[in-house]
Amino acid sequence: MPGRASLHLASVRGRQLPSAGLAGLSSQCRCCRNASGYLEPQMRAKCPAGAKSTLCWTLAVCVLGSAVAPETTRQLITRTLRLTTFLKNDSTELRKIYLQQMGSPFSDPEFSLPRRHLEGVPDAEIPILTWFNLSAQERLGADLGALSILLKLLEVMAEDLMVLGDSSSPPGKLLGQLNAHRSNVNGLVTGLCKLLSALGYTPPTLPLPLATPSCETSAFECKVRGYLICRNYMGWLARTERDLGLLSHSVSSA
């Protein structure tokens, strides 16, 4: 646990922790918490209470573990939908920054590419009646499979960018955004797996990692590949949001 993201003691997923549990934390370790009540890993390392700060952290984890009820299927749907919506909205900015950095013709105002298939990635666009007749298991399974592939392709984009050079402003902004999206998509894939299991479905076997050609062969082709990855990524986030929205409505109406 130490060294990971800060842990909030006041509430977890909107639930108020019992005051008795918080009172049990070592008073000598108040320096490990900032004004918001977070336990900061870097502050714990400097805590004058020494080894007792570790005990404080352990007690905090025990309090959290006993206070949080298991997540319901409806809550899991809501949380996964919110993450999907956030990523879908942010992916527009990701593509914008990418095109600006790739230079002309990619950065030209009227730039567009004809429909071009990205090898290994299924098309997110399907006829509306075909989509409507799919089961929840089929919809979520398709979302999970496509996003698993795109998770690998976002890594490919980051590797290509290291070769092409990240000249975004501020320096490293584009690479930082790509890494943030990779981390969040990994969480989204995990959430979809949990959701399928919660609904009583067996998650599908995830596709094997794609074999991608080196960016050193053609810089222009790698730029085109990055654009296609962005476009497919945005398309599948939009479809996943639609699938989860329909599922949320079905569960709420049941």
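As the structure is a prediction and not an experimental result, all values here were calculated from the model. (Residues numbered from 1 in each chain as written. Predicted model: local features only at pLDDT ≥ 70, side-chain atom pairs only at ≥ 80, totals over all residues. Heavy atoms only, no water.)

Caption draft 1: The overall build of the chain, seen in detail. Tallying secondary structure elements over the chain gives eight helices and four strands in all. The linear arrangement of helices and strands in the chain, starting from the amino end, is β-β-β-α-β-α-α-α-α-α-α-α. In the chain, which comprises 254 residues, the share counted as buried stands at 37%. Considering only intrachain contacts with a sequence separation of at least 6, the fraction spanning at least 24 residues in the chain is 80%. For the chain, the exposed surface amounts to about 13,900 Å²; the carbon and sulfur share of it is 56%. (Helix = DSSP H or I, 4+ residues; strand = E, 2+ residues; numbered from the N terminus. Buried < 20%, exposed > 50% of the residue type's maximum accessible area, 1.4 Å probe, protein only. Contact = heavy atoms within 4.5 Å. Areas by Shrake-Rupley, 256 points an atom, 1.4 Å probe, with all protein chains shown as cover.)

Caption draft 2: Highlighting the side chain of E241. Along the chain, E241 falls in helix 8 (residues 219-253). Leaving out residues up to four positions away in the same chain, E241 has contacts with L81, T84, T85 and K88.

Caption draft 3: Region of the structure containing the packing of aromatic side chains. Per the counting criterion, the structure on display carries three aromatic pairs. Relative to F220, the ring of F106 has its centre 5.5 Å away and its plane inclined at 45°; by these criteria the two rings are tilted. Of this pair, F106 sits in the loop between helix 4 (73-102) and helix 5 (128-132) while F220 sits in helix 8, placing them 114 residues apart in sequence. Ring plane angle 80° and centroid distance 5.3 Å describe the contact between F111 and Y227, whose orientation is recorded as edge-to-face. (Phe/Tyr/Trp six-rings, centres within 6.5 Å; stacked < 30°, edge-to-face > 60°.)

Caption draft 4: Geometry of the packing of helix 4 against helix 8. At a minimum axis separation of 9 Å, helix 4 and helix 8 run at an interaxial angle of 160°. The angle between the axes of helix 4 and helix 8 places the two elements in the roughly antiparallel class. Relative to helix 8, the crossing made by helix 4 is left-handed. Partitioned by chemical class, the residues of the contact of helix 4 with helix 8 number 17 nonpolar, 10 polar and five charged. (Axes fitted to C-alpha atoms, helices over the stretch in contact; angles between N-to-C directions. Parallel < 35°, antiparallel > 145°, perpendicular 65-115°, else oblique. Left-handed = near helix turned anticlockwise from the far one by under 90°. Nonpolar A, V, L, I, M, F, W, Y, C, P; charged D, E, K, R; others polar.)

Caption draft 5: Quick look at the nonpolar core. Judged by nonpolar contacts, the single largest core of 46 residues is most densely connected at Y98, L147, L153 and Y233. Those elements that place two or more of their residues in this core are helix 4, helix 6 (136-164), helix 7 (173-198) and helix 8. The greatest single-element share of this core, amounting to 13 residues, is contributed by helix 6. Once residues within four sequence positions are removed from consideration, Y98 is found in contact with M157, L174, C222, K223, G226, Y227 and C230. (Core = buried A, V, L, I, M, F, W, Y, C linked by side-chain atoms within 4.5 Å.)

Caption draft 6: Just helix 7, in detail. The end-to-end C-alpha distance of helix 7 is 37 Å, a good match for the 38 Å that 26 residues give at a rise of 1.5 Å each. Within the span of helix 7, buried status applies to L174, L175, Q177, L178, H181, V185, L188, V189, G191, L192, L195 and L196. Here the buried face of helix 7 lies against helix 4, helix 6 and helix 8. (Expected span 1.5 Å × (residues − 1).)

Caption draft 7: Layout of the pattern of salt bridges. Inspection of the entire model under this criterion finds three salt bridges. A salt bridge links E71 to R79; the shortest N-O distance between them is 2.8 Å. Assessed through its relative accessible area of 37%, R79 is described here as partly exposed. Its salt-bridge partner being E241, residue K88 comes within 2.8 Å of it at the nearest N-O pair. Placement of the pair is K88 in helix 4 and E241 in helix 8, with a sequence separation of 153 residues. Residue K88 is classed as partly exposed on the basis of its relative accessible area, which comes to 24%. Overall, E241 belongs to the buried group, its relative accessible area being 18%. (Salt bridge = Lys/Arg side-chain N within 4 Å of Asp/Glu carboxyl O.)

Caption draft 8: Up close: unusual backbone geometry. Of note, the amide linkage connecting S104 to P105 takes the cis form, showing an omega dihedral of 5°. Take P105: it is sitting in the loop between helix 4 and helix 5.

Caption draft 9: Geometry of the environment of C193. Along the chain, the position of C193 falls in helix 7. C193 sits 53 residues away from L140 along the chain, and the two C-alpha atoms are 8.9 Å apart. Excluding anything up to four places from it in sequence, C193 contacts L144 and P203.

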